[in-house]
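# Reading the structure
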Amino acid sequence: MKRILVVEDEPGMQMMLGDALRAENYAVDFASDGDSALAMVSHQDLILLDLMLPKKSGLDVCRELRQRGITIPILMLTARGETHDRVIGLRLGADDYLTKPFAMAELLARIEAILRRPASMLSLGSESFAFGDVRADFRRAIVQRAGEPVELSALELRLLRYLVDHPGEVLSRDRLLEAVWGYKAGVSTRTVDVHISWLRQKLELVPGQPRHILTLHGAGYKFVP
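Residues numbered from 1 in each chain as written. Predicted model: local features only at pLDDT ≥ 70, side-chain atom pairs only at ≥ 80, totals over all residues. Heavy atoms only, no water.

### Digging into the sheet that holds strand S7 (residues 134-137)
Spatial ordering of the open sheet is given by S6-S7-S8-S9, a layout of four strands whose pairing is antiparallel. Each end of this open sheet is capped by a strand with a single partner; those strands are strand S6 (128-131) and strand S9 (148-150). Averaged over all pairs of adjacent strands, the angle between their axes in this sheet comes to 25°, without regard to strand direction. Pairing between S6 and S7: four bridges, direction antiparallel. Looking at S7, one finds that Ala130 is bridged to Arg135. The strands that helix H8 (residues 191-203) touches are S6, S7, strand S8 (142-145) and S9; relative to S8, the one it contacts most, it runs at about 55°. (Pairing = 2+ DSSP bridges. Helix = DSSP H or I, 4+ residues; strand = E, 2+ residues; numbered from the N terminus. Axes fitted to C-alpha atoms, helices over the stretch in contact; angles between N-to-C directions. Contact = heavy atoms within 4.5 Å.)

Structure below.
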């Protein structure tokens, strides 16, 4: 049975999330503030993390967990106006975000996709690759540009690897969401565009005029070695 840590300070939301998750046969732990969440993280399979928390914010919790080397997937819950915080959360290592208010069916679909993600990545092939002045060793999770190390999040690395394994192909957002994030077609999220933008900032010589990670308007993206 998969175990989920719900980090949420509103009792009503805790109850609603707990009932929905248990109905899907998940074991559920609860934390009502950031400090409690950090103390409770151990053997869970996923963390459902609200950003607005007492004592320590969700961003602080996410940052500290990743600094500790804890790689448990994190799905952030954010208010509609917290665009800046969502971007920071993804940079800190959160796997994705869902904006409140949300449909419970969408939340459950996101959770299911994240929990099955490792199996969806086993088919990726190449262990190392070079393009332009970028060298990527996927086996050791090392990426360099012009001989200097480039720090990529786990999701950025998975996205880069998928692009590398499909050179010249037109990759729609739905295809990337399914292959890299594990989501089924139709899930609405801007996380693909955000992570593509970050890859360009880190790997392209001129991010605003990319040579390798191209946008095909209305179609998606294409990787050109």
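### Let's talk about the packing of helix H7 (residues 173-181) against H8
Packed helix pairs are characterised by how far apart their axes lie and by the angle those axes make with each other. It is at 10 Å that the axes of H7 and H8 come closest, and there the two elements cross at 80°. By the criterion of interaxial angle, the relationship of H7 to H8 is roughly perpendicular. On H8, the residues that touch Arg173, Leu176, Leu177 and Trp181 of H7 are Thr191, Val192, Asp193 and His195. In terms of residue class, the contact of H7 with H8 is built from four nonpolar, two polar and two charged. (Parallel < 35°, antiparallel > 145°, perpendicular 65-115°, else oblique. Nonpolar A, V, L, I, M, F, W, Y, C, P; charged D, E, K, R; others polar.)

### What about the pattern of salt bridges?
Following the criterion strictly, the structure yields 17 salt bridges and no others. With a shortest N-O distance of 3.3 Å, Arg110 and Asp96 are connected by a salt bridge. A residue pair is termed long-range when its members are at least 10 positions apart, and Arg110 in helix H5 (residues 104-120) and Asp96 in strand S5 (residues 96-99) qualify at 14 residues. Across the pair, exposure class does not vary: Arg110 and Asp96 are buried alike. Residue Arg173 is joined to Asp193 by a salt bridge in which the shortest nitrogen-to-oxygen separation is 2.7 Å. In this pair, Arg173 sits in helix H7 while Asp193 sits in helix H8, placing the two residues 20 residues apart along the sequence. Using a relative accessible area of 33% as the deciding quantity, one classes Arg173 as partly exposed. Judged by relative accessible area, Asp193 falls into the buried class, the value being 13%. (Salt bridge = Lys/Arg side-chain N within 4 Å of Asp/Glu carboxyl O. Buried < 20%, exposed > 50% of the residue type's maximum accessible area, 1.4 Å probe, protein only.)

### Quick notes on the packing of helix H6 (residues 154-165) against H8
Interhelical geometry of H6 versus H8 gives an angle of 85° and a closest axis separation of 10 Å. By the angle between their directions, the pair H6 and H8 is classed as roughly perpendicular. Contacts between H6 and H8 involve Leu155, Glu156, Leu159, Leu160 and Leu163 on the former and, on the latter, His195, Ile196, Trp198, Leu199, Lys202 and Leu203. Per-class residue counts for the contact of H6 with H8 are eight nonpolar, one polar and two charged.

### Focus on the environment of Leu90
Looking at the secondary structure, you find Leu90 in helix H4 (residues 83-92). With a relative accessible area of 2%, Leu90 lands in the buried category. Separated by 104 residues in sequence, Leu90 and Val194 place their C-alpha atoms 8.8 Å apart. Residues contacting Leu90, with those up to four places away along its chain left out, are Met76, Asp95, Asp96, Tyr97, Thr191, Val194, His195 and Trp198.

### Quick look at the sheet that holds strand S3 (residues 46-50)
If you walk across this open sheet you meet the five strands as S2-S1-S3-S4-S5, and the pairing is parallel. Here the strands that pair on one side only, and so sit at the sheet edges, are strand S2 (27-31) and S5. Put simply, the sheet's adjacent strands are angled 20° from each other on average, direction ignored. Inspection of the sheet shows strand S1 (residues 3-7) paired to S2 by five bridges, in the parallel sense. If you follow Leu5 over to S2, its bridge partner there is Asp29. Against the sheet, helix H1 (residues 11-23) makes contact with S1, S2, S3 and strand S4 (74-78), and its axis sits at roughly 165° relative to S2, the strand it touches most.

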